[in-house]
Amino acid sequence: MSQTLLVNKQDFAEVALVNIKEDALDDGCIRLKLGPWALTANNITYMLTGDQIGYWHYFNPTDYGIQMDEGDGIKWGRMPVWGYGEVTESRCADVKVGQRVYGFLPIADSFDMRPVKLTPHGFQDGMEHRTKLHSLYNGLTFTDKDPSFGVHQDLQPVLRPLFTTSFLIDDFLAEKDFFGAEQVLILSASSKTALGTAFCLKQRSAIPTVGLTSARNKDFVDGTGFYANTYSYDAITDMNPDVKTVIVDMAGNGDVMETVLDHFEENITYICRVGISHWDAKPNVSTKGKTPSGFFFAPDQAKARIAEWGGAGFNQRLGARWLPFLDSASDWLSVEKQSGVEPLLQTYKEMLDGTATPDKGYLFSL
Ligand SMILES: NC(=O)c1ccc[n+]([C@@H]2O[C@H](COP(=O)([O-])OP(=O)(O)OC[C@H]3O[C@@H](n4cnc5c(N)ncnc54)[C@H](OP(=O)(O)O)[C@@H]3O)[C@@H](O)[C@H]2O)c1
């Protein structure tokens, strides 16, 4: 018997921990013991965009034979997380028991996969319902084949899935010559994706990066040293409105965006829409028809760069930023590692409420 966490797709506060009967493992499959895996605001966004982008489809309970009452297959979904698994049973000749992998996972203690497209570095999960989904999320990495997993193992699940996006935002802005701006303004500056972006922009030293955050998170953001300046949401009008500004929006908060647009007016050159960490705020849908903007979907930008640089070239450039960022993280982030459903649900509630503190990373196993 194993366990998994279900979330009501219409009301994320409603969750259910259910038991799953473990059948004999199918030929060609592996069984993984999952954990630890990380929880950040990004996981909430996966659910918010679960229908639009398709994140609900990766671990849909009914595709895994999880018993549901009639109609419950529509109600319940599984929130995807990033983390580790260890092979406990294998009926796949090329994957050995004890092998550790890293990838996109459901919240469960045990999970079966069908390794296909095996390389020395990893495989794709070839379970039938996943084959039409994005390969980035279907890919698992053998941790012993990627030397970067050898350092800061607990930080990896917290920061790794976010930092690739950070790296690509910096790359995208530089490629576009910062849309003619004199500064980058990042909204929800305390989020890990924002911090990674500010870190990359600082390393590039092209134009200064300014952070916008909650009053309670301002000291933390200042303390990282990644931003030239930091303002709280209630001090937006203290910024110099004459500076041409490109916005990177991790917050998706309509009220904040309207205040920023009213303040800078035509000096906003572009809005790069990345996230909706303020998921329960008024949505940020309008640019008042004035400002060019675009949704930033990291897998698309990665695909374009891999086509141009090749896989090795991409990894080399990413690694040159990633390893120093990981090294820096011990100065501003501590990781709490817990097991069991109680601490998980407590932190999950804090994530939903926006009360989790940005100086902590959270790792769990069931
Ligand atoms: N488009 C893409 O490809 C892509 C890729 C990666 C991440 N993202 C997005 O980037 C965003 C940040 O993700 P993350 O995992 O880096 O976040 P995180 O580190 O968990 O961010 C925490 C911060 O988000 C803000 N926040 C979180 N929940 C909130 C709430 N309920 N109410 C108000 N503020 C809240 C707070 O920042 P402040 O006080 O500073 O506002 C908080 O310190 C997410 O929306 C994520 O989906 C997008």
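It should be emphasised that the depicted structure is a prediction, and the values quoted were computed from it without experimental measurement. (Residues numbered from 1 in each chain as written. Predicted model: local features only at pLDDT ≥ 70, side-chain atom pairs only at ≥ 80, totals over all residues. Heavy atoms only, no water.)

A. Just the sheet that holds strand β16 (residues 293-295), in detail. Taken together, six strands build an open sheet; the order of strands is β13-β12-β11-β14-β15-β16 and the sheet is parallel. A single partner strand is all that each edge strand has here, and the edge strands are β13 (229-232) and β16. On average, each strand axis in the sheet is inclined to that of its neighbour by 20 degrees, with strand direction left out of account. As paired elements, strand β15 (residues 268-273) and β16 share three bridges and run parallel to each other. Looking at the pairing, Arg273 lines up with Phe295 of β16. (Pairing = 2+ DSSP bridges. Helix = DSSP H or I, 4+ residues; strand = E, 2+ residues; numbered from the N terminus. Axes fitted to C-alpha atoms, helices over the stretch in contact; angles between N-to-C directions.)

B. Just the sheet that holds strand β4 (residues 76-77), in detail. The sheet built from three strands is open, its strands ordered β2-β1-β4 with antiparallel pairing. The open sheet has two edge strands with one neighbour each: β2 (11-20) and β4. The pairing of strand β1 (residues 2-8) with β4 spans two bridges and is classified as antiparallel. Bridging across to β4, Val7 finds its partner in Gly77. Sheet strands touched by helix α9 (residues 341-353): β1 and β2. Its angle to β2, the strand with the most contacts, is close to 160 degrees. (Contact = heavy atoms within 4.5 Å.)

C. The packing of helix α1 (residues 41-48) against α9, seen in detail. In the contact formed by α1 and α9, the axes pass within 9 Å of each other and the chain directions differ by 70 degrees. Overall, the two elements α1 and α9 adopt an arrangement that is roughly perpendicular. Contacts between α1 and α9 involve Ala41, Ile44 and Met47 from the former and Tyr348, Met351 and Leu352 from the latter. In the contact of α1 with α9, the residues fall into six nonpolar, no polar and no charged. (Parallel < 35°, antiparallel > 145°, perpendicular 65-115°, else oblique. Nonpolar A, V, L, I, M, F, W, Y, C, P; charged D, E, K, R; others polar.)

D. Broad picture of unusual backbone geometry. A cis amide bond, omega -10 degrees, links Gly35 with the succeeding residue Pro36. Even without being a glycine, Lys117 presents a positive backbone phi close to 50 degrees. Locating Lys117 in the fold gives a position in strand β8 (residues 115-119). Backbone geometry at Phe179 places phi at a positive 50 degrees, although glycine is not the residue there.

E. Seen up close, the domain arrangement of the protein chain. Domain annotation of the protein chain identifies domain 1 (2-154 + 335-365) and domain 2 (161-299). The distance between the C-alpha centroids of domain 1 and domain 2 comes to 30 Å. Contact with domain 1, which involves 23 residues of that partner, is made by 14 residues of domain 2. Regarding the contact of domain 1 and domain 2, the summed buried area is about 1,400 Å², with carbon and sulfur atoms giving 70% of it. Ranking the residues of domain 1 by area buried against domain 2 places Leu48, Leu352 and Pro358 at the top, with a combined share of 32%. Our count for the domain 1 to domain 2 interface comes out at zero salt bridges. On inspection of domain 1 and its partner domain 2, the count reaches two residue pairs in polar contact (both at pLDDT 80 or more). When residues in the side of domain 1 that touches domain 2 are grouped by element, the largest group, five residues, is from α1. Residues belonging to the side of domain 1 that touches domain 2 are distributed by class as follows: 14 nonpolar, seven polar and two charged. (Domains from an automatic or database assignment. Buried area = accessible area lost by both parts, 1.4 Å probe. Salt bridge = Lys/Arg side-chain N within 4 Å of Asp/Glu carboxyl O. Polar contact = N/O pair within 3.5 Å; in protein donor to acceptor, adjacent residues only side chain to side chain.)

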